[in-house]
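Read off the chains here:
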Amino acid sequence: MRTSLHTVALLATALALAGCHTLPAPADAPQSTAPAQAVPADDNLNAVLWLQRSMEYRALSETVFRAAAERLDAALADPAWDALVPTERAAAGDASKLPPAIILDIDETVLDNSAYQARLVVDGQEFADPAWEAWVEERKAVPVPGAAAFTRAAADKGITVFYISNRLATQTDATLDNLRSQGLPVKDGGVFLGLGMEVPGCEQKGSGKTCRRQLVGRGHRVLMQFGDQLGDFVQPSANTPAKHDALHAEYQTWFGERWWVLPNPTYGAWEPAQFNGDWSLPRDERRQRKRDALRIDR
Ligand SMILES: [Mg+2]
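This structure is a prediction, so every number in the text was calculated from the model and none was measured. (Residues numbered from 1 in each chain as written. Predicted model: local features only at pLDDT ≥ 70, side-chain atom pairs only at ≥ 80, totals over all residues. Heavy atoms only, no water.)

Draft legend 1. Molecular detail of the state of the cysteines. Tallied over the full model, the rule gives one disulfide. Across a sulfur-sulfur distance of 2.0 Å, Cys-202 and Cys-211 are joined as a disulfide pair. Judged by the torsion about the S-S bond (-80 degrees), the Cys-202/Cys-211 disulfide is left-handed. Assessed through its relative accessible area of 3%, Cys-211 is described here as buried. (Disulfide = S-S within 2.5 Å. Buried < 20%, exposed > 50% of the residue type's maximum accessible area, 1.4 Å probe, protein only.)

Draft legend 2. Representation of the coordination of the magnesium ion within the structure. Taken together, Asp-105 (OD), Asp-107 (O) and Asp-228 (OD) make up the full set of protein donors to the magnesium ion, lying 2.0 to 2.2 Å away. Mapped onto the sequence, the residues coordinating the magnesium ion show the spacing D-x1-D-x120-D. With Asp-105 in the loop between strand E1 (100–104) and strand E2 (111–112) and Asp-228 in the loop between strand E6 (221–227) and helix H10 (241–250), this residue pair connects regions lying 123 residues apart in the sequence. A relative accessible area of 7% means that Asp-105 is categorised as buried. (Donors = N, O, S within 2.8 Å, 3.2 Å for Na, K, Ca; no water. Helix = DSSP H or I, 4+ residues; strand = E, 2+ residues; numbered from the N terminus.)

Draft legend 3. Quick peek at unusual backbone geometry. Backbone geometry places Glu-108, a non-glycine residue, at a positive phi of 65 degrees. Even without a glycine there, the phi angle at Asn-276 is positive, about 60 degrees. Topologically, Asn-276 is positioned in the loop between strand E7 (259–261) and helix H11 (283–292).

Okay, here's the thing in structure tokens:
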């Protein structure tokens, strides 16, 4: 059955090719520029394409990590320097005599998952946990430009590199394999703090990273934090544009000093903040809320 179908397919292909040679299009035939079929629209096409194909993304990410590297020695030398917000540092205890560490988010901070995002665009799909978890198990994410060189340089200075991520703690092995294979330092299994891990003496709230930051802070002075979303640095009391703006104003001087943001236009808490976090809304309704949030007067 398989052989006969294969033979028919080969014959059809041969006939089609022969047709191409025997029936060339007339030289004066009108040339249409319209695609044969409508190309599906996707809100994420430009953003994912920019991550994958623009040199500007690479240059920007490299700039962030290089600028951080230039600040690292000053941070290391100053025992008063710490990158946890005061409430988290107070809960964790005095840091001045603790060994140094840096904390990095993983996705779109040190690992580039744009191939997964590209699959969603090509397939017309939206983010879903099963497909995401399958992607994590593939261990195919590549480093964000500049991340591997920076983290290795930090590790060489005796700075422990921690990864606080909302990848599931149950995906520790896949995540550590991916980090190691891409040249990112992994001192031991304890440097990955995933979603679902328990932190004694701290009440975990949703997917917030506060408790995990405090856990690192109990044993280390945190020189710098790296992320692609505000929640990688500090927990907003609500996921609204107003709360985001207020925290930006409060910690503005920390960005580019203790906190380093990597560009990620493809997803992030900034997006559901535009439609009150209601992912149950139909896709068109969410798109309409985002259009409504556009500023057309400035
Ligand atoms: Mg991230």
